[in-house]
Amino acid sequence: MPNSAYVLTVAGLTDVGRTRSRNEDSFQASSDGEFAVVCDGMGGHAGGDIASGKAVEVICGLLQGHAQVEPITLVDGISVADHDDADRTLTDPAGAEPAVRLALSVARSAVQQANRSIFDLNTARGFAQGRGMGTTVAGVWRVPGTAQMVVFHAGDSRVYRLRDGELRTLTRDHSLYQIWLDNGGRGTAPQRNIIVRALGTAEDVEPEVGVHSLMPEDTIMLCSDGLNGMLPDGLIARILREEPDPARAAAALVAAANAAGGQDNVTVVVGRFAATA
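Residues numbered from 1 in each chain as written. Predicted model: local features only at pLDDT ≥ 70, side-chain atom pairs only at ≥ 80, totals over all residues. Heavy atoms only, no water.

## What to know about the overall build of the chain
From N to C terminus, the chain includes six helices and 14 strands. The buried share of the chain, reckoned over its 277 residues, is 49%. Counted over contacts in the chain with a minimum sequence separation of 6, partners at least 24 positions apart contribute 69%. Summed over all atoms, the accessible surface of the chain reaches about 12300 Å², with 49% contributed by carbon and sulfur. (Helix = DSSP H or I, 4+ residues; strand = E, 2+ residues; numbered from the N terminus. Buried < 20%, exposed > 50% of the residue type's maximum accessible area, 1.4 Å probe, protein only. Contact = heavy atoms within 4.5 Å. Areas by Shrake-Rupley, 256 points an atom, 1.4 Å probe, with all protein chains shown as cover.)

Quick look at the structure:
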């Protein structure tokens, strides 16, 4: 069955949680399921909600514009999707197929433009570099006409994939805690919420960008750390396995995070890749 016979059905939900007074998370999922973005704002009175909203607006606007352009899907007569036998994390897309190379470049550029927009807002408000509002970002974009998706992120918002009942994290947190783990976890663990890469706090940012395959019946989930900070991966996987409808799955995950304490804003986007009716 050709890739065009498969669709990525996406739904999302955000909630202030049980302890915060306002929601600084933002998200957007395209109506056709081709892309989704989750951002977790930082800055409190400095405008974390403004930063996350601006990032979603800029990134989704650019992705939407490029998604409407006819993609290059053939390389020497072979569909790009025929090359998806392995997941790849690419910081340099030079060796990728044309459609994937374009999508990686566009996703990176979109995040960098969002970063610059927020940085300029901070500068206009008189904040020094490293101060003011900022936001994490995690996003997916299905490469038009293929069974591959670009995954991009900065910070500790995450992208997961459930395949054959097994949950896998497709992103790696840009946090002091993750660096501590990578270095062997010796000594006192740092706080988990100290972010080492985010949008808006510096003039330039380098998002992590990769390409991953999509297979029929895959489930994709994006979330702010208000979800995975409250729920273990095993429970997340169980909810995604038991609830096939993306909207109901997102609602169940948010409810579970709140039931576990809801100590932060929680945002979830769930997508399922399946054959069209």
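Now that the structure has been shown, we can carry on.
## Things to note about empty space enclosed by the protein
Per the stated rule, a full pass over the model turns up one cavity of 30 Å³ or more. Taken as a whole, the largest cavity encloses approximately 30 Å³ of empty space. When residues of the lining of the largest cavity are traced back to their parent elements, those giving at least two are β1 (6–15), β13 (219–223) and β14 (266–275). With three residues, the top contributor of residues to the lining of the largest cavity is β14. Residue composition of the lining of the largest cavity, grouped by class: eight nonpolar, one polar and no charged. (1 Å grid on protein atoms, 1.4 Å probe; cavity = no way out; pocket = protein on both sides within 12 Å on 5 of 7 lines; lining within 4 Å. Points joined across faces, edges and corners; volume = space filled by probe spheres on them. Nonpolar A, V, L, I, M, F, W, Y, C, P; charged D, E, K, R; others polar.)

## Concerning the pattern of salt bridges
Pairing is possible between side chains of opposite charge, provided their charged atoms come close. Under the criterion given, the structure shown has twelve salt bridges. Two residues, R158 and D173, come together in a salt bridge whose shortest N-O distance is 2.8 Å. Taken as a pair, R158 in strand β10 (residues 158–163) and D173 in the loop between β11 (166–169) and α3 (176–182) lie far apart in primary sequence, 15 residues in all. The class for R158 is buried, based on a relative accessible area of 18%. (Salt bridge = Lys/Arg side-chain N within 4 Å of Asp/Glu carboxyl O.)

## A word on a nonpolar patch on the surface
There is a patch of nonpolar side chains on the surface, built from L176, I179, I194 and V196 and spanning about 290 Å² of accessible area. Of the residues examined, V196 reaches a relative accessible area of 46% and is grouped as partly exposed. (Patch = residues over 30% accessible without salt bridge, like charges linked within 9 Å, V, L, I, M, F, W, Y side chains within 5 Å.)

## Re the nonpolar core
V37, I59, L63, V137, V150, F152 and L199 are the most contacted members of the largest nonpolar core, which has 30 residues in total. When contributions to this core are tallied by element, the ones reaching two or more residues are β3 (35–42), α1 (48–67), α2 (98–124), β8 (137–142), β9 (148–154) and β12 (208–213). By residue number, the principal contributor to this core is α2, which donates ten residues. Those residues in contact with L199, other than ones at most four positions away along the chain, are A55, V111, A114, N115, I118, M133, G134, T135, V137 and A154. Counting residues in each nonpolar core, the second largest holds 20 residues, with L162, L227, M230 and A237 among its members. (Core = buried A, V, L, I, M, F, W, Y, C linked by side-chain atoms within 4.5 Å.)

## Focus on the packing of aromatic side chains
Overall, the coordinates contain two aromatic pairs when judged by the stated rule. Between the aromatic rings of Y6 and F273, the centroid separation amounts to 5.5 Å while the plane-to-plane angle is 25°, which identifies the pairing as stacked. Separated by 267 residues along the polypeptide, Y6 in strand β1 and F273 in strand β14 bring together distant segments of the chain. No difference in accessibility class separates Y6 from F273, as the two residues are buried. (Phe/Tyr/Trp six-rings, centres within 6.5 Å; stacked < 30°, edge-to-face > 60°.)

## Describing the sheet that holds β1
Strand order in the open sheet made by the five strands is β1-β14-β13-β10-β11, with antiparallel pairing throughout. With partners counted over all chains shown, the strands left at the sheet margins are β1 and β11, one partner each. Sheet twist, expressed as the mean angle between neighbouring strand axes with direction ignored, is 20°. The pairing of β13 with β14 spans five bridges and is antiparallel. Note that in β14 the partner of T219 across the bridge is R272. Each of β10, β11, β13 and β14 touches helix α5 (residues 233–242); the most contacted strand, β11, lies at about 125° to it. Against the sheet, helix α6 (residues 246–259) touches β1, β13 and β14, its axis set at about 150° to β14. (Pairing = 2+ DSSP bridges. Axes fitted to C-alpha atoms, helices over the stretch in contact; angles between N-to-C directions.)

## Points about α2
Here α2 spans 39 Å end to end across 27 residues, near enough to the 39 Å set by a 1.5 Å rise per residue. One or two positions beyond α2, positive phi appears at G126, with a value near 90°. (Expected span 1.5 Å × (residues − 1).)

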